[in-house]
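Geometric and topological summary
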Amino acid sequence: MFRIYHNPRCSTSREALETLRATGRSVEVIEYLRDTPPREELRDLIRSAGLTVREALRSKEPVYESLGLADAGLTDEQLLDAIERHPILLNRPFVVTDKGTRLCRPFEKIRDVL
């Protein structure tokens with residue numbers, strides 16, 4: 001089974017979901033804006049993708065700037081707090097398969113886990 005942390009408003013996320021479904025395998029869709037995963041799941045997801053919490057943030061979101069998240073002194077825990085309160089800050093889409101976890105941005109990174 002594949003899993004995607006999905007934002008239906010994001011064209012890259014929609015393209016990733018379509019690609020996963022085209023394989024014919026079952027796909028678990030987690031709309032993380034509506035159903036934000038628990039903190040430990042977020043931490044594990046980010047770590048398993050080989051990223052830091054900071055690398056998993058969407059710095060282009062207005063809330064990123066308004067919360068001062070560019071401050072390099074912020075800890076992973078503080079950044080996770082921000083993601084929990086404002087899940088739009090989590091970059092997307094994260095895809096999990098039996099071959100690993102990837103943040104599929106750019107979209108072509110999905111090939112690494114198919």
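Residues numbered from 1 in each chain as written. Predicted model: local features only at pLDDT ≥ 70, side-chain atom pairs only at ≥ 80, totals over all residues. Heavy atoms only, no water.

Regarding the overall build of the protein
Scanning the protein from terminus to terminus reveals four helices and four strands. Listing the helices and strands of the protein from first to last along the sequence gives β-α-β-α-α-α-β-β. Taking 114 residues into account, the globule formula puts the C-alpha radius of gyration at 13 Å, and the protein, at 14 Å, falls close to it. Overall, the protein is about 45 × 25 × 25 Å in size when its C-alpha atoms are taken along their principal axes. In the protein, buried positions account for 43% of the 114 residues. Just so you have it, the protein exposes about 6,300 Å², and 47% of that area is on carbon and sulfur atoms. Each charge class in the protein was averaged separately, 19 positive and 19 negative side chains, and the resulting centres sit 4 Å apart. (Helix = DSSP H or I, 4+ residues; strand = E, 2+ residues; numbered from the N terminus. Rg over C-alpha atoms; globule rule 2.2 N^0.38 Å. Buried < 20%, exposed > 50% of the residue type's maximum accessible area, 1.4 Å probe, protein only. Areas by Shrake-Rupley, 256 points an atom, 1.4 Å probe, with all protein chains shown as cover. Lys, Arg positive; Asp, Glu negative; His and termini not counted. Charge placed at Lys NZ, Arg CZ, Asp CG, Glu CD.)

Details of the pattern of salt bridges
Scanning all chains against the criterion turns up twelve salt bridges. For aspartate 98, the salt bridge identified is with arginine 25, shortest N-O distance 3.9 Å. Placement of the pair is aspartate 98 in the loop between β3 (94-97) and β4 (100-103) and arginine 25 in the loop between α1 (11-22) and β2 (27-30), with a sequence separation of 73 residues. Here aspartate 35 makes a salt bridge to arginine 34, at a shortest N to O gap of 3.2 Å. Of the residues examined, arginine 34 reaches a relative accessible area of 59% and is grouped as exposed. When salt bridges that share partners are traced, they join Arg39, Glu40, Arg43, Glu77, Asp81 and Glu84 into one network. (Salt bridge = Lys/Arg side-chain N within 4 Å of Asp/Glu carboxyl O.)

Topic: the environment of serine 66
Within the fold, serine 66 resides in helix α3 (residues 62-66). For the pair formed by serine 66 and histidine 6, sequence separation is 60 residues and the distance between their alpha carbons is 24 Å. Separated by 3.1 Å, the side chain of serine 66 and the backbone oxygen of valine 63 make a polar contact. (Polar contact = N/O pair within 3.5 Å; in protein donor to acceptor, adjacent residues only side chain to side chain.)

Let's talk about the sheet that holds β3
In spatial order, the strands read β2-β1-β3-β4; together these four strands make up an open sheet with mixed pairing. Each having just a single partner strand, β2 and β4 make up the two edges of the open sheet. Strand-to-strand twist in this sheet, taken as the mean axis angle between neighbours without regard to direction, amounts to 15°. Judged from the three bridges that link them, strand β1 (residues 2-5) and β3 form a sheet pairing that is antiparallel. When the bridges of β3 are listed, tyrosine 5 appears paired with phenylalanine 94. Set on the sheet, α1 makes contact with β1, β2 and β3; between it and β1 the angle comes to about 170°. Helix-sheet contacts for helix α2 (residues 39-48) involve β1, β2, β3 and β4, and the interaxial angle to β3 is about 80°. (Pairing = 2+ DSSP bridges. Axes fitted to C-alpha atoms, helices over the stretch in contact; angles between N-to-C directions. Contact = heavy atoms within 4.5 Å.)

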